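# Results of the structural survey
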Amino acid sequence: MRTSMIWLPAWGVVLAVCASCSSSSNSGFKTTDAGSHDGSSSDAGVTAMQACADYAKASCTQANACTPFTVAVNFSDEATCEQRQILGCMPLLGIHGSSLTPAALDACAQAIMGETCVQFLDNHQPSACDFQGTLAEGVACGTGSQCQSGYCKLAMGSSCGTCATRTNQCTTDPDCPSDQLCAGGNCVTPVSPPGMCDNGTHICVRTLVCLGEQGNDSGLGGCGKAGGVGAACQDATDCEGGIGIVCDIATQMCVAAQEATTGQSCGIVNGALVVCTGGDDCADLMKVNDAGLPVEGTCHPPAADGAPCGTGVGCALPAVCSPKTFTCTLPNPGSCQ
């Protein structure tokens, strides 16, 4: 299955307010193509760099079209998204067990460009992105393209895992089959109108939200379009989070979230939600609310690749803060042996 979409939110505020900002992708590729390639090789006239650039372009273009606020939060803009996506893509080619080729990856990119926002956000896997590797179940892996099953089950808090067969249990969407989402620990088919939803185990397709469930004795609502600025709302998911509109619970009205950059205040500032952009973390949460909880901090930029990271200092996706070295480390699935 296709590679992880590194543009997705890595922090809780956006996930809490955005019904359409959840992972739509898999933890890796799977390929049926025999043969392997190193990072400088070409296949059918397509180099590895060209294929990764095309894949990054497809992923980030779709992300910016379907959930632009997420791109702003994680990367500032589409061009930066593409640059970072390429860094996460190149290590996927030429690793042990995987027979993913640049040509196959390029075909996958074209298929992604043809997806609707419903497909892109709801874990749809185009047949052109349906790859398999050669590693058997239980063997160490870093991406699904290495596995016969096409699925690498990553260990909690790690970029490595083991080849496995999918079940109906999950932690995130990549654990689920195509067109299913992870809800309440189980893989479920998302609800479309006129189906009933509950924001629990009956979740809507991610271009829609569950409306009216709070005012219904049954706890069920109907899937509908999220509210724009000025629309009434009952909870965080009622507003168009994908374009930066959130629910002001005090007024029960959808409002535009304010954006902040490095050095500016973030969190709940003067009663309004202020979100860091460009991959910055909202750190140094010093001011507290009436309940004594920290609500306001300062936007801190992500550390550079290879630089120290930790509390209040994040990494620029797809790099993660290594729990062993506490440095920002780019994924290297080929090292998982």
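Computed from a predicted model, the values in this text were never measured in an experiment.

Parameters at a glance
Residues numbered from 1 in each chain as written. Predicted model: local features only at pLDDT ≥ 70, side-chain atom pairs only at ≥ 80, totals over all residues. Heavy atoms only, no water. Helix = DSSP H or I, 4+ residues; strand = E, 2+ residues; numbered from the N terminus. Buried < 20%, exposed > 50% of the residue type's maximum accessible area, 1.4 Å probe, protein only. Pairing = 2+ DSSP bridges. pLDDT = per-residue confidence, 0-100. Contact = heavy atoms within 4.5 Å.

## A look at unusual backbone geometry
- Going from Pro-193 to Pro-194, the amide bond is cis rather than trans, its omega being 10°.
- With respect to the helices, strands and loops of the structure, Pro-194 is situated in the loop between β7 (186-188) and β8 (196-197).
- That bond from Leu-317 to Pro-318 is cis: its omega, 5°, falls within 30 degrees of zero.
- Topologically, Pro-318 is positioned in the loop between β17 (294-300) and β18 (320-321).
- Unusually for a residue other than glycine, Asn-123 sits at a positive phi of about 65°.
- By the element assignment, Asn-123 lies in the loop between α6 (117-121) and β3 (140-141).
- Using a relative accessible area of 1% as the deciding quantity, one classes Asn-123 as buried.

## Considerations on helix α3 (residues 68-75)
- Extensive coverage of α3 is indicated by the burial of seven of its eight residues.
- Along α3, the positions that sit buried rather than exposed are Phe-69, Thr-70, Val-71, Ala-72, Val-73, Asn-74 and Phe-75.
- Immediately downstream of α3, the backbone of Ser-76 shows phi near 80°, a positive value.

## Topic: the pairing of β17
- The pairing of strand β14 (residues 265-269) with β17 spans three bridges and is antiparallel. Counterpart to Gly-267 in the pairing with β17 is Glu-296.
- As defined by bridge partners, strand β16 (residues 281-288) adjoins β17 across five bridges and the pair is classed as antiparallel. Residue pairing across strands places Lys-287 opposite Glu-296, the latter belonging to β17.
- Hairpin connection, β16 to β17: the antiparallel pair is bridged by five residues, and Gly-292 has positive phi, about 85°.

## Section: the confidence of the model for the protein
- Per-residue confidence for the protein averages 83 on the pLDDT scale, and 86% of its residues sit at or above 70.
- Taken element by element, the protein is modelled with least confidence in helix α1 (residues 12-17), mean pLDDT 30, and with most confidence in helix α2 (residues 48-66), mean pLDDT 96.
- Note that residues 1-42 has pLDDT below 50 and, in this model, 187 contacts with residues that lie over four places away or in other chains.

## Here we look at the environment of Val-275
- Counting through the fold element by element, Val-275 comes out in strand β15 (residues 272-276).
- Classification of Val-275 by relative accessible area gives buried; the value is 2%.
- Between the C-alpha atom of Val-275 and that of Val-73, which follows or precedes it by 202 residues, the distance is 7.5 Å.

## A closer look at the environment of Gly-138
- On the secondary structure map, Gly-138 appears in the loop between α6 and β3.
- Its relative accessible area of 52% is what places Gly-138 among the exposed residues.
- Taking the C-alpha atoms as reference, Gly-138 lies 6.2 Å from Ala-164; in sequence the two are 26 residues apart.
- Apart from the residues lying within four places of it in its own chain, the contact partners of Gly-138 are Thr-162 and Cys-163.

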